[in-house]
Amino acid sequence: MNQTVKRFRYAMKRLAQAVPIVLAIIVINFFLLHLAEGDAAVALAGEAGSATPEYMAQLRQKFGLDKPLPVQLGIYLKNVLVFDLGFSFRHNMPVAELVFDRFMPTLLLMVSTILIAVGFGVLLGLLAASGLNTWRDTFISVFALVTYATPLFWVGLMMIILFALNLGLFPTSGMENFAAFHEGWDRVKDIAHHLVMPTITLSLFYLALYTRLMRSSMLEQAGMDYVTTARAKGLTERRIVFGHILRNALLPVVTMAGVQVGALIGGSVIVESVFAWPGLGMLAFEALFSRDLNLLLGIFLLSALLVIAINLVVDIIYSFLDPRIEVG
Amino acid sequence: MFNIKQKRLGVAVALMAVFSTAALAQKSGGTYVFVLHPEPPSLAPHLSTSGPIGQVAPKVYQGLLDYDEDFNPVPELAESFDVSPDGLTVTFNLQRNVTWHDGRPFTSADVRFSVMDVLKKFHPRGPNSFREVYEIQTPDEHTAIFKLEKAAPYMMKALSSYESPMVPKHLLEGTDIRDNEITNKPVGTGPFKFVEWKKGQYIRLDKNENYWKPGLPRLDRVVARIIPDASTRTAAMENGEVFYGAFDAIQPVDVIRLRDIDGIGVTTKGYASINPMSLIEFNTQKAPFNQAAIRNAVSLVVDRQFMIDNIWYGYGKKAVSALSSRFASAGLHAATGNYPAEPNVAAAVKLLDDAGYAPDDNGVRARAVLDVIPYGEQWRRAGEYLKQALAEVGIALDLRYEDVPTWLNRVYNEYDYQINLNYFYQLPDPVIGVHRHYGTDQIRKGTPFVNGTRYSDAGLDALLASGASEPDAKKRGEIYEQIQNKLDADMPVMNLFEMEFVIVYNEKLKEFTFSGMGPYSSFDRTWLDQ
């Protein structure tokens, strides 16, 4: 059997395994969320600042909150099977529509952050490892430590003060200029302009992680026997570093990146909040406080699917990076 | 301001005088961006009184009346109105040539449908505001006659676009009112048409070219921007990206800084209709606050001015009775005895001694948990202050701070609290805003912001009922004086201070305070100095 067929069969097997996992995630989330006190009707009425008993009863009936819990779970599961994520209580629109609307901005922020964080992290780690114990190594290590230890919201706010208020280079927040409503390429440029500060803020944190990881991974690989062999064969240092060490050193970095994509969806609440970026993290955060359980379940489900998919992709990438690892 | 003599309101002449063509040329156009926090749950003012809805919807929908800063009625969709001497018949003469944004004419049938089939049934406060209305007659397209069981002077103050919006019958009739498409895509008669709502980002409204007021609106577009983080909202204001922020859009600590910046202004005008009052609710069914004496003692000890000056940066006015002094213009306000000019610790100690709250070895007379309204840092500071202040007379408090649904559930459903720090909107009339706090019929388990103290007194219930339906202003004033005295003695709720919300604005923005509804107004006369 050749590699491609093997990989495909492996992927199918993993997907089949994912089904019970997803089901378990839904059921556990459902009961966990119902542990929270107060329901969507209370939250909505609280927001309105006033209510009558009839109004509360109407809301509960409309949301189906008057039914027993197992019945509510049954209805939810039945709907999920036909890809219906239900209706958001607070937003009064289908969950799928809401989540999809927020998914693109999240993806935009996530992908650009991962690219910058992994890209620069690998580069800095490489530079630090290759100049071990020189000023370059020290400088990069201190930089990584400082960015890792600085709270994200503080970095975000300082960037706003410096680059938006004082220098006027970037807009303070948002994803687009809402006074202008650009279209076509102008809109793409406008969004890119708005994307810069949130991406840098979020990247800085992860960048530090990848830098440290890459540095130690490089150093570990550099001491391996195969490197000595390569050197004995008379390969240039350049060839050794890029052709042998780097490839092996990347494995832990890829693992880490895979795990963190899932975390990034949740971890970007702070950045989304500070920069008013309309992503999923903020949506989930608000949904929690308005007890909008359908919406939360929908977001959790999507995140779970995403994590499963990315883990699979990472496993397949392994087999490309290191031919010794076989999928099957 | 309310009287039973025939009252005819002309079209506001002053309003028309402004529209010389020369002025129009300079004052029109532009996109007005304001910051909205939090994001509204829907854009259906007929289904929810949520504040953020109120900042957007009244630019799309309109009410029968608007109000000035003293809450005198100003014509809006009703060009004039007439109240019969017994207060049982109210006739509204509607503006002509008003159309909905989809082109259909606005008629008296819409008024009847809005009140009888929507507001009376689905609005959180509508069933109270229109309690006495049993029929609306529509002899012709431009006349709506409200028939009342009893006189309802308060109803005349609840007809703004925020409180009682007129909604399109032709789009709602025969549908599920709660699930109708206009819940998120409003269609009204107002100066701006709904265009788009990008959740988490903005709501966009464009100029209604067929608006019935000649020459208005002046702005081309209104955009409500949603920014979750308080510091970023401030930065956007400072950077000139947004022109206006109301309620808690800008945190008080930033207000102090922004008001010193050139080009940015701060005003407390525009909140008369909301009439917010900070207060403490006591659980009257649970120790230790089940006796009036200890509740009065708390009121005697708390230094209200200290809280205003040190926690609210001077924005506020000490409460002197159960009713806000903003009701004074209607003759419904009188200072009462347990709201002292200065804190009086000696008197409080004596009250507690006489009532049998003896101090233990540590000087503690009573212990309780103070629940703090989870609406921001200032309330926590206020809770900390109260803990200190009450410790002086031996009332030991622990503070508890939960998220909104948990807190509401605890106070208004489980009644599992002892003393609660909160604020209420007293609204333009006590019947709408204050009665819900005290009446026996307002003890409604599971319903937030009603009588959560479970205070019940037959004498007070009778007074509230007669106050609601008394058409004579002077007699009504006397009834409310008795009500205030009664509530002063029993004090199930202790008012702290009349809150003064601020509006932070960019000085390029002009004429945005023409209505007493403030942030909840139409902004049709507002313009940008470009």
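Refer to the preceding data block for the structure.
Attention in this report is confined to the structure presented alongside it. All values reported here derive from a predicted model rather than from experimental measurement.

Parameters at a glance
- Residues numbered from 1 in each chain as written.
- Chains lettered and ligands numbered in written order.
- Predicted model: local features only at pLDDT ≥ 70, side-chain atom pairs only at ≥ 80, totals over all residues.
- Heavy atoms only, no water.
- Helix = DSSP H or I, 4+ residues; strand = E, 2+ residues; numbered from the N terminus.
- Contact = heavy atoms within 4.5 Å.
- Areas by Shrake-Rupley, 256 points an atom, 1.4 Å probe, with all protein chains shown as cover.
- Patch = residues over 30% accessible without salt bridge, like charges linked within 9 Å, V, L, I, M, F, W, Y side chains within 5 Å.
- Salt bridge = Lys/Arg side-chain N within 4 Å of Asp/Glu carboxyl O.
- Expected span 1.5 Å × (residues − 1).
- Bend = angle between axes of the 7 residues up to and from the residue.
- Buried < 20%, exposed > 50% of the residue type's maximum accessible area, 1.4 Å probe, protein only.
- Pairing = 2+ DSSP bridges.
- Axes fitted to C-alpha atoms, helices over the stretch in contact; angles between N-to-C directions.
- 1 Å grid on protein atoms, 1.4 Å probe; cavity = no way out; pocket = protein on both sides within 12 Å on 5 of 7 lines; lining within 4 Å.
- Points joined across faces, edges and corners; volume = space filled by probe spheres on them.
- Nonpolar A, V, L, I, M, F, W, Y, C, P; charged D, E, K, R; others polar.
- Phe/Tyr/Trp six-rings, centres within 6.5 Å; stacked < 30°, edge-to-face > 60°.
- Buried area = accessible area lost by both parts, 1.4 Å probe.

### Regarding the overall build of chain A
- The number of helices and strands found in chain A is 13 helices and zero strands.
- Helices and strands in chain A line up, N terminus first, as α-α-α-α-α-α-α-α-α-α-α-α-α.
- Dimensions of chain A along its principal axes, counting C-alpha atoms only, are 85 × 60 × 40 Å.
- In chain A, the share of contacts with a sequence separation of at least 24, taken over all contacts with a separation of at least 6, comes to 75%.
- Counting every atom, chain A has about 16100 Å² of accessible surface; 71% of that belongs to carbon and sulfur.

### Some points on a nonpolar patch on the surface
- A surface patch of nonpolar side chains, amounting to about 520 Å² of accessible area, comprises V111(A), L115(A), I116(A), F120(A), L123(A) and L127(A).
- Considering the arrangement of structural elements, one finds L127(A) in helix α5 (residues 95-130).

### Structural notes on helix α1 (residues 3-34) of chain A
Residue and element names in this part refer to chain A.
- In this model, α1 (32 residues) spans 46 Å end to end at C-alpha, consistent with the 46 Å of a helix rising 1.5 Å per residue.
- Of all the bends in α1, the greatest reaches close to 25° and is centred on A18; the proline P20 follows between one and four positions later.
- Inspection of α1 places R7, Y10, A11, A18, V22, I26, N29, F30 and L33 among the buried residues, and these make up the whole buried set.

### Some details on the sheet that holds strand β17 (residues 419-425) of chain B
Residues and elements named next belong to chain B.
- Read from one edge of the open sheet, six strands run β14-β18-β13-β17-β15-β16, paired in mixed fashion. Across the chains shown, the open sheet's two edge strands, defined by having one partner strand only, are β14 (316-318) and β16 (395-400). On average, each strand axis in the sheet is tilted by 30° relative to the strand beside it, whichever way the strands run.
- Where strand β15 (residues 366-372) and β16 come together, six bridges link them in parallel fashion. In the strand pairing of β16, D371 is matched with R400.
- Helix α13 (residues 404-414) contacts β13 (276-282), β15, β16 and β17 of the sheet and is inclined by roughly 100° relative to β17.

### Considerations on the pairing of β13(B)
Residues and elements named next belong to chain B.
- Across the seven residues that make up β13, a large majority, seven, are buried.
- Neither face of β13 is open: one carries P276, S278, I280 and F282, the other M277, L279 and E281, and all of them are buried.
- Taken together, the seven bridges between β13 and β17 define a ladder with antiparallel strand orientation. Of the residues in β17, the one forming a bridge with E281 is N420.
- Here β13 runs beside strand β18 (residues 493-499); their pairing, made up of five bridges, is antiparallel. Its bridge partner being in β18, E281 is matched across the sheet by V493.

### Considerations on the layout of surface pockets
Residues and elements named next belong to chain A.
- The computed volume of the second largest pocket comes to approximately 500 Å³.
- Along the walls of the second largest pocket sit 21 residues, with V22, V80, F83, L301 and L305 positioned nearest its centre.
- Put simply, the parts of the chain that give the lining of the second largest pocket at least two residues each are α1, α4 (69-81), α5 and α13 (293-321).
- Looking at the lining of the second largest pocket residue by residue, the classes come out as 20 nonpolar, one polar and no charged.

### Section: the environment of V155(A)
Residue and element names in this part refer to chain A.
- Assignment of secondary structure puts V155 in helix α7 (residues 152-166).
- Relative accessible area serves as the criterion here: at 13%, V155 is assigned to the buried category.
- On a C-alpha basis, the gap between V155 and A129 in space is 27 Å, while along the polypeptide they are 26 residues apart.
- Aside from chain neighbours lying at most four places away, what touches V155 is T150, T201 and L204.

### As for the packing of aromatic side chains
All names here are of chain B.
- This structure, assessed with the given rule, holds 35 aromatic pairs over all chains.
- Measuring from centroid to centroid gives 6.2 Å for Y32 and Y244, while their planes differ by 75°, and the two rings are edge-to-face. Residue Y32 is located in strand β1 (residues 31-36), and its partner Y244 is located in strand β11 (residues 244-245); the two are separated by 212 residues in the primary sequence.
- Accessibility expressed as a relative area gives 0% for Y32, which makes it buried.
- A ring pair is formed by W312 and F497, whose centres lie 5.0 Å apart and whose planes are at 65°; its orientation type is edge-to-face. With W312 in the loop between α10 (304-310) and β14 and F497 in strand β18, this residue pair connects regions lying 185 residues apart in the sequence.
- The exposure class of W312 is buried, given its relative accessible area of 8%.

### Looking at the environment of A293(B)
- By secondary structure assignment, the location of A293(B) is in helix α9 (residues 292-301).
- Residues in contact with A293(B), not counting those within four places in the same chain, are L351(B) and A355(B).

### Focus: the interface of chain B and chain A
- The partner chain A presents 50 residues to the 52 residues of chain B that form the contact.
- Summed over both partners, the interface of chain B with chain A buries about 4300 Å², with 55% contributed by carbon and sulfur atoms.
- Among the residues of chain B in contact with chain A, R178(B), K199(B) and P405(B) are the three that bury the most area, contributing 14% of the side total.
- Counting across the chain B and chain A interface gives two salt bridges.

### A look at the pattern of salt bridges
- Taken as a whole and judged by the stated rule, the model has 35 salt bridges over all chains.
- Put simply, E176(A) and R187(A) hold a salt bridge, and the shortest N to O gap is 2.8 Å. One end of the pair, E176(A), is in the loop between α7 and α8 (185-222); the other, R187(A), is in helix α8, with eleven residues separating them in the sequence.
- The buried category is assigned to E176(A), whose relative accessible area is 7%.
- Residue R187(A) is classed as partly exposed on the basis of its relative accessible area, which comes to 33%.
- Salt-bridge contacts for D403(B) lead to R291(A); the nearest nitrogen and oxygen are separated by 3.0 Å. In this pair, D403(B) is assigned in the loop between β16 and α13 and R291(A) in the loop between α12 (280-289) and α13, connecting two distinct chains. For the pair D403(B) and R291(A), a shared accessibility class is recorded, and that class is buried.
- Overlapping salt bridges bring together K286(B), D371(B), R400(B), E402(B), R410(B) and D416(B) as one network.

### Here's the deal with the sheet that holds strand β4 (residues 78-83) of chain B
Residue and element names in this part refer to chain B.
- Here four strands make up an open sheet; going across it, the order is β4-β5-β7-β6 and the pairing antiparallel. Of all strands in the sheet, those bounded by a partner on one side alone are β4 and β6 (133-140). In this sheet, adjacent strand axes meet at a mean angle of 20° when their direction is disregarded.
- Inspection of the sheet shows β4 paired to strand β5 (residues 89-94) by five bridges, in the antiparallel sense.

### A short note on the pairing of β17(B)
Residue and element names in this part refer to chain B.
- Most of β17 sits out of view: seven of its seven residues are buried.
- With burial as the criterion, each face of β17 is covered, one bearing I419, L421, Y423 and Y425 and the other bearing N420, N422 and F424.
- The sheet contact formed by β15 and β17 spans three bridges and is parallel. From the neighbouring strand, L370 faces β17, where its bridge partner is I419.

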